[in-house]
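Fold and geometry: a report
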Amino acid sequence: MDCSPVKTAILGGWAKHKLNSTPDPSVCVVALQVAMESAALNFVNTTLNWVTLALDAPAARAVVFGVHIGGHLFVEVLLLVVILFLLSQKSYKPPKRPLTKKEIDELCDEWVPESLTPPITEEMQSEPPVLESAAGPHAIVNGKEVVNFASANYLGFIGHEKLRDSCTFALEKYGVGSCGPRGFYGTIDVHLDCEAKIANFLGTTDSILYSYGLSTMFSAIPCFCKKGDIIVVDEGVHWGIQNGLYLSRSTIVYFKHNDMESLEKTLEKITAKNQRAKKLRRYIVVEAVYQNSGQIAPLDKIIKLKEKYRFRVLLDESNSIGVLGHSGRGLTEYCRVPIEKIDIVTASMGHALATEGGFCTGSARVIDHQRLSSSGYVFSASLPPYLASAAITAIDVLEQNPDLTSKLKENIAILWKGLSDVQGLSIASNPESPIVFLRLEKSTGSVKGDLQLLEDLANRALKEASVFVVVSKRSTVDKCPLPVGIRMFVSAAHSECDLLKACSSLKKVAGVVLKDHICA
Amino acid sequence: MITIPYLTALSTYFSYGLLFAFGQFRDFFRKIFDWWQASNLQGYAPICLGLEDFYIRRLYLRIQDCFGRPIASAPDAWFDVVERYSNDNNKTLKRTEKISRCLNLGSYNYLGFAAADEYCTPRVIDSLNRFSASTCSTRVDGGTTTLHKELEECVANFVGKPAAVVFGMGYVTNSAILPVIIGKGGLIISDSLNHNSIVNGARGSGATIRVFQHNTPPHLEKVLREHIAEGQPRTHRPWKKIIVVVEGIYSMEGEICKLPEIVAICKKYKAYVYLDEAHSIGAVGKTGRGVCELLGVDTADVDIMMGTFTKSFGSCGGYIAGSKELIQYLKYTCPAHLYATSISPPAAQQIISSIKVILGEDGSSRGAQKLSKIRENSNFFRSELQKMGFEVLGDNDSPVMPIMLYNPAKIPAFSRECLKQNVAVVTVAFPATPLLLARARICISASHTKEDLLKALEVISQVGDMVGIKYFPAEPMKQLQHQHQQPGKDTIKSE
């Protein structure tokens, strides 16, 4: 700072003052301050000059690898050394003490496992009735002939001679088993023919055969639904679907059984929650005719909802193939919905088609994907060829005799009329469904009590009236919340007197067994 | 252990890398191409995401004609393979009417019951006429016939357990049993190479799953000790029960399980043993009763014995054998028993008849002949292959023999060349095996005659030379009556 003119001015003033000897205090003070300041300034200037000289001196200049070292570098190096020291210090960890061998031995000795199965109770020991003949509309149980309502033989194909002939031919040509999975020489030409036939019959591009009805759903679902996808499913679906959903690890949301409003609310809620859902796949899973209750799903409403909210539909048509629709093509024909709108249709062939196994049908992309990633298809032996040829024959017979479905409808109507006034039991299924589901009007209060009562009823019906009906049973791993009841499977091969006999016997037996439980 | 030669490993990695790079390249062009075309998904997410089927679209489709070959006759020792052709570079394959008669080295036909049999087939047709092809009903409803009861007794006797229950499919047997006998709070320890059905069943049960090194009893002991001492994860409560799941013969390795040691360890630590004898029942053992008979293990020590009827009995279905309480409990709760259609009556009759033949109860000695034939055949074939210098896995007496291929290009080469010479083999690659360890799997049957085996050996040797899979030095040609094993080759087999 150059204050020399000020200095000279003030020094001049001071000098004048001294010379004039007139006391001027402010000027004196200011002059004193200025003198001090200047002295300090001089001092700082001289030290700085000295330090700069010292540092600029050739001896102190260091050029390391061509990099000029300044003074700040020493400080930085010091800081770095401190950081390294701190890092090298071990952090505090409480000492780990793993279990010694002796302790592990003791623990292993002390541990007592549960028994493999829980103790066997009374109800676990009951055995089902043993048939001594084919499970047709009339079967022989314990030497007596009974009217059989326990087989899902909807079109009466059990014992049909055309099926028998084609099975015999296939058995003589191919033997019984197929001895390999589909990928390793287990694909026999009847499998390919059967798949083509099913696709043709239902009007889709392609279909895939599974060797067991139950495994169809629980192999198809994990193929397309992975972790993170959303599945909306009816709460009354059967165990195969529940297991498939569990194995897929997706998010599962249940809606009330066959209640379209509940479905709409659920879809609304889910769509509102997940806006950024570009890669998220969303599915609705329903059955056409529910195994657990006999209700029929209203497919047209479901399709409207599906298109509104952009979900895909997976339909299980096990109990509706060959039954619903005027030519037996299932729920899509019944509700007049084109089958292309359903993404995946699965069905078990062990019901109307009277063979074993299952199939899945849909667009070509869907089916091709399953051929390599469906675990029940890839890792399991294929369907025995005689069963596949039985399926082909069954579809042939159905195509040639479409009146079988109308006969079945008539039989269902007769049974409905007859059972509508049974005391203590009410029909809980749809009037068009081939499964007639009878529920207790007044429940005993517990599932076990209900089951006991119904079992009693069924046993009496078998023994006294020679009518074979069954109670719907639940496994411990089944999560379905619907009530249990008596299930009757109507067949097109039942004659009218069979049905009337069944109605009257049930009325009689129910009157005896349920007399304490009849509503006033 | 499989010791893969260093150079082969390098070349296999390189091949896969090349295929992967090509696949990505093509996918990139496909994405650009699709971007130009309007998508017709209209707001739906694609049903199969692009990455999930990359392997299928770019690698598997190239060799699709080696898998899923349709046949037009029974899967006996010789069968008719339907020829297929493709117009679009293997994307779709079309059937033709032409068939070629080939030697069958791929089907699971261990005792030769695959085709129509003189004792079994008339009885099967009888039961078809009596009971029809299906009962259309579950076992607890109206699906239990006298045939089913007879079958369960027969199976229980054959296996050596007090009771048995039979299901219509082997895969479902595993998947539906494990969730019923063990649940949350239990521990399942399974072999690392167990079959997919066991993995599915274990996952469906909700129990904690741990894996032990393939066929290594000391490691199993270590895992057991660790887990019993630690208890359940996070809460450290003691486990409710522990089940150890092993298989009799591992289908991809051909090895026999070390059952005596495993059973001893499980007894010591009070764990339950679940033995899956899908491939070994009927095929090994002096009277065909499986690994327990072969290795001298008392069947009472194995708690749950499971098996399938597809392989040695020429039928379909699976069974579980155990104590009477276990079977009663299963019949009460197992979903496969309560909800699935019962096993088809003709198939049940086939099983009963084939068991009778094996035990000699049909009045002839065909059963004993078949059993000794398959043992002879497998040992002969295996030793001959090893003499030629192939790397063959598996133990003595096991009818399954995998031949290592490694390189992805050798898989279709081996398969197609063998088919040209009328020998049908099965080749397995990722994902059924680890990525590097692709192999060809041979299944020997009791219905193969000596001439069949010699022809097969000749063809395989020729093709092996052409493709270059003789990884070990060949031994000088000894006489072909050599029956027993070379001592030096023991190091190659499982250990």
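Residues numbered from 1 in each chain as written. Chains lettered and ligands numbered in written order. Predicted model: local features only at pLDDT ≥ 70, side-chain atom pairs only at ≥ 80, totals over all residues. Heavy atoms only, no water.

As recorded by an unreviewed UniProt entry, chain B carries the name serine C-palmitoyltransferase and is attributed to Hibiscus sabdariffa. The UniProt entry for chain B carries the following text under Cofactor (unreviewed entry): "pyridoxal 5'-phosphate". (UniProt positions renumbered as here; feature names shortened; annotations may be inferred.)

As named in an unreviewed UniProt entry, chain A is serine C-palmitoyltransferase, taken from Hibiscus sabdariffa. Under Sequence similarities (unreviewed entry), UniProt gives the following word-for-word description of chain A: "Belongs to the class-II pyridoxal-phosphate-dependent aminotransferase family." Looking at chain A in UniProt, the text filed under Cofactor (unreviewed entry) is "pyridoxal 5'-phosphate".

In the numbering adopted here, UniProt assigns the feature "transmembrane region" (unreviewed entry) to residues 6-25 of chain B. The span residues 6-25 of chain B is 100% helix and 0% strand, and its two end C-alpha atoms sit 29 Å from each other. (Helix = DSSP H or I, 4+ residues; strand = E, 2+ residues; numbered from the N terminus.)

Let us now look at the interface of chain B and chain A. On the side of chain A, 105 residues touch chain B, which itself brings 109 residues to the contact. In total, chain B and chain A occlude about 9,400 Å² of area from one another, counting both sides; carbon and sulfur atoms represent 64% of this. Taken together, the connections running from chain B to chain A amount to three salt bridges. Asp105(A) serves as the salt-bridge partner of Arg225(B), at 2.7 Å between the closest nitrogen and oxygen. (Contact = heavy atoms within 4.5 Å. Buried area = accessible area lost by both parts, 1.4 Å probe. Salt bridge = Lys/Arg side-chain N within 4 Å of Asp/Glu carboxyl O.)

Below, the discussion takes up the pairing of strand 10 (residues 400-404) of chain B. Residues and elements named next belong to chain B. The buried count for strand 10 comes to five of five residues, which makes it a mostly enclosed element. Of the two faces of strand 10, the one lined by Val400, Pro402 and Met404 and the one lined by Met401 and Ile403 are each fully buried. Relative to strand 13 (residues 439-443), strand 10 is paired through five bridges, and the arrangement is antiparallel. The residue bridging Val400 from the neighbouring strand is Cys443, located in strand 13. (Buried < 20%, exposed > 50% of the residue type's maximum accessible area, 1.4 Å probe, protein only. Pairing = 2+ DSSP bridges.)

Attention now goes to the pattern of salt bridges. Taken as a whole and judged by the stated rule, the model has 32 salt bridges over all chains. In this structure, Asp117(B) engages Arg366(B) in a salt bridge whose closest nitrogen and oxygen atoms are separated by 2.5 Å. Of this pair, Asp117(B) sits in the loop between strand 2 (94-104) and helix 3 (120-131) while Arg366(B) sits in helix 13 (residues 366-388), placing them 249 residues apart in sequence. Note on Asp117(B): relative accessible area 10%, which makes it buried. For Arg439(B), the salt bridge goes to Glu253(B), with nearest N and O atoms at 3.2 Å. Remark: Glu253(B) occurs in the loop between strand 6 (242-247) and helix 8 (259-269) and Arg439(B) occurs in strand 13; sequence separation between them is 186 residues. By relative accessible area, Arg439(B) is classed as buried at 1%. Relative accessible area serves as the criterion here: at 9%, Glu253(B) is assigned to the buried category. The structure contains a network of salt bridges with shared partners spanning Arg182(A), Glu195(A), Asp206(A) and Arg371(A).

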